[in-house]
Amino acid sequence: MSLSPAVTDLSQLKDRPAVARLTAVKSSAVQGAKFDRDELSIYVDATFIREACALLQSDPETKFNFLSDITCVDLYPSEPRFEVCYHLLSHTRKERVRLKVKLTGNDPSVESITSVWPAANFFEREIFDLFGVRFEGHPNLRRILMPEDWEGHPLRKDYPVEGYR
């Protein structure tokens, strides 16, 4: 069984409800999209992420009612260095979507989505602790896995393998 090639042309993905809704509200905030192996990823401008999540959650056409995960990828030495990935699920539509935000390495920060999904609290704290990405407006942004006095962020690719000495 051969795989069909990935679709990365935004104009070909406009019929997807999530892409259509986000581009209808603010087309400049949608930087790109990719549909590959029945998975949809949408690249969203960092300043639009909270609004995009709220829209996809409340819109009757999308109904993404569940935040299943937030994770981060360090693309060091490339720039933008970080990708924060939000994995959303619609139970009623049985559909998933992945929102991605690209952040620079010099001061990575993005708006918190805890006001949309309170479950984002733990995920955002974990990413802050291990990657150093700041979530603006987070109610309790502090380390969750490492000690408070720990230096650095262990999942960054430039973190020393043996730790700081």
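Residues numbered from 1 in each chain as written. Predicted model: local features only at pLDDT ≥ 70, side-chain atom pairs only at ≥ 80, totals over all residues. Heavy atoms only, no water.

Q: Honestly, the overall build of the protein chain in this entry has me stumped. Any pointers?
A: When helices and strands are counted, the protein chain shows three helices and seven strands. Ordered by position from N to C terminus, the α and β elements of the protein chain give α-β-β-α-β-β-β-β-α-β. Over its C-alpha trace the protein chain gives a radius of gyration of 17 Å, about what one expects of a compact globule, namely 15 Å for 165 residues. By its C-alpha atoms, the protein chain is 55 × 35 × 30 Å across when sized along the principal axes. When burial is assessed residue by residue, the protein chain has 44% of its 165 residues classed as buried. (Helix = DSSP H or I, 4+ residues; strand = E, 2+ residues; numbered from the N terminus. Rg over C-alpha atoms; globule rule 2.2 N^0.38 Å. Buried < 20%, exposed > 50% of the residue type's maximum accessible area, 1.4 Å probe, protein only.)

Q: Mind showing me how you'd approach unusual backbone geometry here?
A: The bulk of non-glycine residues show a negative phi, and the bulk of peptide bonds are trans. Here the amide bond leading from Tyr-76 into Pro-77 is cis, since omega sits at 10°, within 30 degrees of zero. Residue position: Pro-77 is located in the loop between β3 (66–74) and β4 (82–90). A cis amide bond links Glu-79 to the next residue, Pro-80, at an omega of 5°. Its place among the elements puts Pro-80 in the loop between β3 and β4. With phi around 55°, Arg-37 is a residue other than glycine that occupies positive phi space. With respect to the helices, strands and loops of the structure, Arg-37 is situated in the loop between β1 (30–36) and β2 (39–44). In this structure Arg-37 comes out as exposed when scored by relative accessible area, which is 60%.

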